[in-house]
Amino acid sequence: MSRSGASGAGALRGSLSPEECRTERSIALVRMAVVAVVAVVYLSSTGIRPAVRPLALSVLVLAAVYAFWSLLARPYEAMSANRFRAATLLVDATLITLWCVATGGTDSEYWTLYLIALIAVAMRFSLMETLFSALGLAVLYVIVLSINGGVSRAVLMSRLPLLAIAGFALGVMAQQRRTHQVQRELLAEIAEDRSRALAEEQALVARLREVDLAKSEFVAVASHEFRTPLASILGVLSTLRTHGDGLDPALREELLAGAETQAQRLARLVDDLLTVARIEDGALRLDVQAIEADWLISQAIQVSRTADRVQADLGGVQTIRCDADQMVRVLTNLIDNARKYSPPDGPIFVTVTEGPSAISVSIRDEGPGIPKERRAEVFDRFKRLGEKPQKPGAGLGLYITRSLVEAHGGTIRVDEAPGGGADFTFTIPQTEGEQPVSTDRPAATTTV
């Protein structure tokens, strides 16, 4: 069953759907018009017929009141579908039958009002329900007229088959209308689904284009980042091969130290690329343990070589539950980012605070800061804010930082530091059940 068919079935069992309410309003308008026409026809024929009968006048008044009530009060909006439809069909049939009895019984020509009632039935029900309603109206008509003077053979041979045929024809037409309506709704749903799928495909294409553009930019940046340390290392090797024996020992040591620095820079870039691959493949594993906070900060300062610039305030925090290696990388990336964008020799402030169930770490610098509208971008993969001249880096550090913080079950944000600069703050929970734990690697040490 289609969704529209299911909704229609649900409407039959419960309240009327908006479309069915519109149908009931249309039926109420038709009922009002029929009562008005019947009243005009009947009252205008008093010169031909006997005087207005009290029963006919009473039935006419009741029908008018009922028509006004059903049109203005809209009872179909408050009653259940089954009860309302059964009640209105019964009232319509009763009023028509009483009207036929009041206006001549078997000789009354108003029996054709049953056909109008069948139209209302067909607008509401299915083929079989309409056909059964037609047969029920015919039986009611015969029973009432039999009680009030009998029914002639001519009436039985003409009116009853006509009611049955009309019921069948109207039911078929109603069934076809419903079938077409269901098909239209199904086609509308298909069109909506296709439109939604097309929109999703277009959004996916747009995202792929953005990723492709970002990767192209990354390739260009990474190529430059690889080329610079490689060129330095190759230059040192070439110099040592050619002039190594004649170089001053102090100069030789300086050249080797520079080559070592560039090799470490190259190793960090390769490590960043491998980390990104593990993050995107879902292969990142953490070994969460209680690690000394002082050890984590000192390791990050040592790796980033900012011992002369970092001012750390541990706030009395002794340990942090985390993966030691990955947390050192988070702190190193943030401290290195602060160093990169701070004035020469500008201080970098690291503050650790402990909450009820989480540890927050803030890394603040005195650099130019990050515009508010672009703060969310800095954590994107391969994203660089386009500063001129470009700072060293491949646009992966903060992406990796955010991914590692979120892997710990935490969050990270960047705000404007008091007095200017950027203030990166990340928070990680300290409850054992809230952090992912893995035993795939040796336990992290907690000593320097």
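The structure contained in this document is the topic of the report that follows. (Residues numbered from 1 in each chain as written. Predicted model: local features only at pLDDT ≥ 70, side-chain atom pairs only at ≥ 80, totals over all residues. Heavy atoms only, no water.)

1. Quick notes on the packing of aromatic side chains
A ring pair, where both rings are aromatic, is described by two values, the distance of the centres and the angle of the planes.
Argument step 1. Overall, the coordinates contain one aromatic pair when judged by the stated rule.
Argument step 2. Cation over ring: Arg364 sits above Phe349, and NZ or CZ is 4.2 Å from the ring centre. (Phe/Tyr/Trp six-rings, centres within 6.5 Å; stacked < 30°, edge-to-face > 60°. Lys NZ or Arg CZ within 6 Å of the ring centre and 35° of its normal.)

2. Some thoughts on the pairing of strand E6 (residues 411–416)
Argument step 1. Pairing of E6 with strand E7 (residues 422–429), which is carried by six bridges, proceeds in the antiparallel orientation. Looking at E7, one finds that Asp415 is bridged to Asp423.
Argument step 2. Taken together, E6 and the strand that follows it, E7, pair antiparallel across an intervening segment of five residues, in which Gly419 is found at a positive phi of about 85°. (Pairing = 2+ DSSP bridges. Helix = DSSP H or I, 4+ residues; strand = E, 2+ residues; numbered from the N terminus.)

3. A few points about the nonpolar core
Soluble globular proteins tend to bury their nonpolar side chains together.
Argument step 1. One finds Leu296, Ile320, Leu331, Ile363, Phe424 and Phe426 to be the most contacted residues of the largest nonpolar core, which totals 43 residues.
Argument step 2. It is helix H10 (residues 324–341) that contributes the most residues to this core, eight residues altogether.
Argument step 3. Not counting residues up to four positions away in its chain, the partners in contact with Phe426 are Met327, Val330, Leu331, Leu334, Ile359, Ser360, Val361, Ile363, Val405, Thr411 and Ile412.
Argument step 4. Ranked by size, the runner-up nonpolar core spans 27 residues in total, among them Val38, Ala138, Ala166 and Ala174. (Core = buried A, V, L, I, M, F, W, Y, C linked by side-chain atoms within 4.5 Å. Buried < 20%, exposed > 50% of the residue type's maximum accessible area, 1.4 Å probe, protein only. Contact = heavy atoms within 4.5 Å.)

4. Focus on the pairing of strand E5 (residues 358–364)
Argument step 1. Note that strand E4 (residues 348–354) and E5 share six bridges and pair antiparallel. Residue pairing across strands places Thr351 opposite Ser362, the latter belonging to E5.
Argument step 2. Turn length for the E4-E5 hairpin, with the two strands adjacent in sequence and antiparallel, is three residues.

5. Some remarks on the packing of helix H2 (residues 18–44) against helix H3 (residues 54–72)
Argument step 1. Contact geometry of H2 with H3 gives a least axis separation of 9 Å together with a crossing angle of 155°. In terms of orientation, H2 lies roughly antiparallel with respect to H3. For the pair H2 and H3, the sense of crossing is left-handed. Each of Ala28, Leu29, Arg31, Met32, Val35, Val38, Ala39 and Tyr42 in H2 lies in contact with H3, whose residues at this interface are Ala56, Leu60, Ala63, Ala64, Tyr66, Ala67, Phe68, Ser70 and Leu71.
Argument step 2. Of the residues in the contact of H2 with H3, the class split is 15 nonpolar, one polar and one charged. (Axes fitted to C-alpha atoms, helices over the stretch in contact; angles between N-to-C directions. Parallel < 35°, antiparallel > 145°, perpendicular 65-115°, else oblique. Left-handed = near helix turned anticlockwise from the far one by under 90°. Nonpolar A, V, L, I, M, F, W, Y, C, P; charged D, E, K, R; others polar.)

Geometry only, nothing functional implied.
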